[in-house]
Number of protein chains: 2
Amino acid sequence: MNTSPTPAANVFARACASRGVLQDITGRWGVLVLAALTEKTCRFSELRRHIDGVSERMLSQTLQNLERDGLVNRTVRTTIPPHVEYSLTDLGQRITSPLLTLIDLVEEAVPQIETAQHNYDSNS
Amino acid sequence: MNTSPTPAANVFARACASRGVLQDITGRWGVLVLAALTEKTCRFSELRRHIDGVSERMLSQTLQNLERDGLVNRTVRTTIPPHVEYSLTDLGQRITSPLLTLIDLVEEAVPQIETAQHNYDSNS
């Protein structure tokens, strides 16, 4: 019987599983996919239209990673023709909640950030 | 006089400045640098040790982007020898707060996520 306690997860440790998951969530497209799915269940084509600039390949890879991590459900509807829908799991919803706060803060801060960027660029 | 209202920022739009900033924050190393700096002001070498696996080049690029966005302060201390310290700005602190919530949630969810990954892998 293995009685050793599970070591606490730590994103700062290279080999910890939490770091890979954090990267799936916060990767270039992960954040946007999760945020889009909070609004509603989406088909692939809806997601692709909503997330301006994502390629088919990247969207498909991102959805696959998030599904593997248990954050996104993939449901095949047996309509004619059949179609596939994506939605957040309970864990996905919990994890997306702070991301929505982050997105709101970043969107609100754009004027302040653009001033900072302008100052940085004129001093360098 | 320019009286046109500033359009609201929207991370889903490819050309919106908020998307680039979101990527600086949530990029592979951005999250970890911001989270490390919440704990305390750090020198470059301290950050590099704390964030297991980051290269000198990537850390330096990440800090530069975050400094340009007005999220990180870079202070040169005129000690002998002089050294450079990094800390969060007020905006950086505000924006890092939901990231810390996210990291806690992800670290807590590791066992649940590993089960999901295992199930996914055995079904594919």
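The structure reproduced in this document is the subject of the present report. (Residues numbered from 1 in each chain as written. Chains lettered and ligands numbered in written order. Predicted model: local features only at pLDDT ≥ 70, side-chain atom pairs only at ≥ 80, totals over all residues. Heavy atoms only, no water.)

Describing helix 5 (residues 90-123) of chain B
Applicable threshold: Secondary structure elements follow DSSP: runs of H or I of four or more residues count as helices, runs of E of two or more count as strands, with numbering from the N terminus. Each residue after the first adds 1.5 Å to the expected span of a helix. The angle separating two fitted axes, one through the seven residues that finish at a residue and one through the seven that start at it, defines the bend at that residue.
With 34 residues, helix 5 of chain B extends 47 Å from end C-alpha to end C-alpha; this agrees with the ideal 50 Å at 1.5 Å per step. A maximum bend of about 60° is found in helix 5 of chain B at Val 110 of chain B, where proline Pro 111 of chain B lies one to four positions downstream.

Section: the interface of chain A and chain B
One widely used convention gives an interface's size as the accessible area the parts lose upon coming together. Convention followed: Contacts were defined at the residue level, with two residues in contact if any of their heavy atoms lie within 4.5 Å. Here the buried area means the combined drop in accessible surface, using a 1.4 Å probe, for two parts upon being joined, counting both sides. By definition here, a salt bridge exists when the distance from a side-chain nitrogen of Lys or Arg to a carboxyl oxygen of Asp or Glu is within 4 Å. N or O atoms closer than or at 3.5 Å make up a polar contact, with two conditions inside protein: a donor-capable atom paired with an acceptor-capable one, and, for residues adjacent in sequence, both atoms drawn from side chains. Gly counts as polar in this scheme, as do all residues outside two lists: the nonpolar Ala, Val, Leu, Ile, Met, Phe, Trp, Tyr, Cys and Pro, and the charged Asp, Glu, Lys and Arg.
Each partner contributes residues to the interface: chain A has 50 residues there, and chain B has 50 residues. Regarding the contact of chain A and chain B, the summed buried area is about 4700 Å², with carbon and sulfur atoms giving 67% of it. Applying the counting rule to chain A against chain B returns four salt bridges. Here Arg 14 of chain A makes a salt bridge to Asp 52 of chain B, at a shortest N to O gap of 3.3 Å. Our count for the chain A to chain B interface comes out at 17 residue pairs in polar contact (both at pLDDT 80 or more). The class makeup of the residues in the side of chain A that touches chain B is 27 nonpolar, eleven polar and twelve charged.

Some details on the environment of Tyr 120 of chain B
Applied cut-off: Here's how the labels work: a residue is buried when its accessible area is under 20% of the maximum for its type, exposed when over 50%, partly exposed in between, all with a 1.4 Å probe on protein chains only.
As for its position among the elements, Tyr 120 of chain B is in helix 5. Here Tyr 120 of chain B falls in the partly exposed class, since its relative accessible area comes to 22%. If we skip the residues at most four places from it in the chain, Tyr 120 of chain B touches Gln 64, Glu 67 and Arg 68 of chain A.

Thoughts on the pattern of salt bridges
This structure, assessed with the given rule, holds ten salt bridges over all chains. For Arg 48 of chain B, the salt bridge goes to Glu 56 of chain B, with nearest N and O atoms at 3.2 Å.

Focus on helix 1 (residues 17-26) of chain A
We count it as follows: Relevant arc is that of directions from the helix axis to the C-beta atoms, nothing else.
For helix 1 of chain A, the complete set of buried residues consists of Ser 18, Arg 19, Val 21, Leu 22, Ile 25 and Thr 26 of chain A. The arc that holds the buried residues of helix 1 of chain A, viewed along the axis, is 165°, so those residues lie on one side. Here the buried face of helix 1 of chain A lies against helix 2 (30-39), helix 4 (56-68) and helix 5 (90-123) of chain A together with helix 1 (17-26), helix 2 (30-39) and helix 5 of chain B.

Looking at the sheet that holds strand 2 (residues 72-77) of chain B
All names here are of chain B. In plain terms, the rule: A pair of strands counts as paired when DSSP detects no fewer than two bridges linking them. Interaxial angles span 0 to 180 degrees and are taken between N-to-C directions of axes, which are lines fitted to C-alpha atoms, for helices over the stretch in contact.
With antiparallel pairing, three strands are arranged side by side in an open sheet as 1-3-2. Two strands bound the open sheet, and with one partner strand each, they are strand 1 (42-43) and strand 2. For strand 1 and strand 3 (residues 83-88), the ladder comprises two bridges, and the chain directions are antiparallel. Bridge pairing links Arg 43 to Glu 85 in strand 3. Across the sheet, helix 2 touches strand 1, strand 2 and strand 3, and the angle it forms with strand 3 is around 95°.

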